[in-house]
Amino acid sequence: MEDNPNAVGSDSLNLDADGWLPSARRLPSPNSDARPPGTLIDLLVIHNISLPPGEFAGDWIDDLFLNRLDPGAHPYFVAIAPVRVSAHFLIRRDGRLTQYVSCEQRAWHAGVSVFMGRERCNDYSIGIELEGTDCIPFTSAQYCALADCTRQIRARYPAIVPERIVGHSDIAPGRKTDPGPAFDWGRYLKGVVS
């Protein structure tokens, strides 16, 4: 049996052995696959998403990640309905958490990306989407849920040190802008780093 480079040897962690968070609503996405063998998971990427842009609530994000987005439901959906994407987690405006991909699997959230000279960030990262936009402040419930989720991820994957928690814009500069200027990094990291 191959050694797991991410194992930390504790039965008390909240993520289960398969990389699922029991407290999250689980909606498995087909847009995921195996990480390269022996991959150390050592990067956390924060995103934002709203569908249609600037609108909150509804099932559109779920539909996108589950390949069932109706292109006729909104003009914006025509271009994105055929796109195959996912994230490990989504945190709604009210703090509700959904998990689409096991943390042990590769979610398709980062696209063309590089961190500290290393390409293909999907291979070694976990992606968390916040329901929101670059310019609308995120909610207190989201910051609380994000901090809690991050603490649980870091307990399981200790190589994700604070310096390896980044925004999508950090790994895809010029192509992506999220989580954007409305995201309060100081507030978030204060709830994560003890």
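It is worth spelling out the overall build of the protein at this point. Within the protein, the regular secondary structure consists of five helices and ten strands. Scaling as 2.2 N^0.38, a compact globule of 194 residues should have a C-alpha radius of gyration of about 16 Å, and the protein matches this with 16 Å. A total of 194 residues make up the protein; the buried ones form 49% of that total. Here the analysis covers contacts within the protein between residues at least 6 apart in sequence; of these, 71% occur between residues at least 24 apart. Carbon and sulfur atoms make up 55% of the accessible area of the protein, which amounts to about 9,100 Å² in all. When the 19 positive and 24 negative side-chain charges of the protein are each reduced to one mean point, those points stand 2 Å apart.

An order of 1-5-4-9-3-10 is seen for the six strands of this open sheet, with the pairing classed as mixed. Edge positions in the sheet fall to strand 1 (25-26) and strand 10 (165-167), since each has one partner strand and no second. Across the sheet, helix 3 (residues 140-156) is in contact with strand 3 (43-49), strand 4 (89-91), strand 5 (97-99), strand 9 (125-131) and strand 10; its angle to strand 9 comes to roughly 170°.

Quick look at the side chain of Asp62 now. You can see Asp62 is positioned in helix 1 (residues 60-65). Setting aside residues no more than four positions away along its own chain, Asp62 makes contact with Arg25, Leu27, Arg68, Leu90, Arg92, Thr98 and Tyr100.

Here we come to the pairing of strand 3. Looking along a regular strand, one sees side chains alternate from face to face of the sheet. A large share of strand 3 lies buried, amounting to seven of its seven residues. The alternating pattern of strand 3 places Leu43, Val45, His47 and Ile49 on one face and Leu44, Ile46 and Asn48 on the opposite face, and all of these are buried. Relative to strand 9, strand 3 runs parallel, the two sharing seven bridges. When the sheet's bridge partners are listed, Leu43 is paired in strand 9 with Ser125. Summarising the sheet, strand 3 and strand 10 pair through three bridges and their orientation is parallel. Its bridge partner lying in strand 10, Val45 is registered against Val166.

On to the environment of Thr133, then. Its place among the elements puts Thr133 in the loop between strand 9 and helix 3. Look past the residues within four positions of Thr133 in its chain and what remains in contact with it is Asn48, Ser50, Gly54, Phe56, Phe138, Pro179 and Ala182. A polar side-chain atom of Thr133 sits 3.1 Å from the main-chain amide nitrogen of Ile136.

Thresholds, definitions, all that
Residues numbered from 1 in each chain as written. Predicted model: local features only at pLDDT ≥ 70, side-chain atom pairs only at ≥ 80, totals over all residues. Heavy atoms only, no water. Helix = DSSP H or I, 4+ residues; strand = E, 2+ residues; numbered from the N terminus. Rg over C-alpha atoms; globule rule 2.2 N^0.38 Å. Buried < 20%, exposed > 50% of the residue type's maximum accessible area, 1.4 Å probe, protein only. Contact = heavy atoms within 4.5 Å. Areas by Shrake-Rupley, 256 points an atom, 1.4 Å probe, with all protein chains shown as cover. Lys, Arg positive; Asp, Glu negative; His and termini not counted. Charge placed at Lys NZ, Arg CZ, Asp CG, Glu CD. Pairing = 2+ DSSP bridges. Axes fitted to C-alpha atoms, helices over the stretch in contact; angles between N-to-C directions. Polar contact = N/O pair within 3.5 Å; in protein donor to acceptor, adjacent residues only side chain to side chain.

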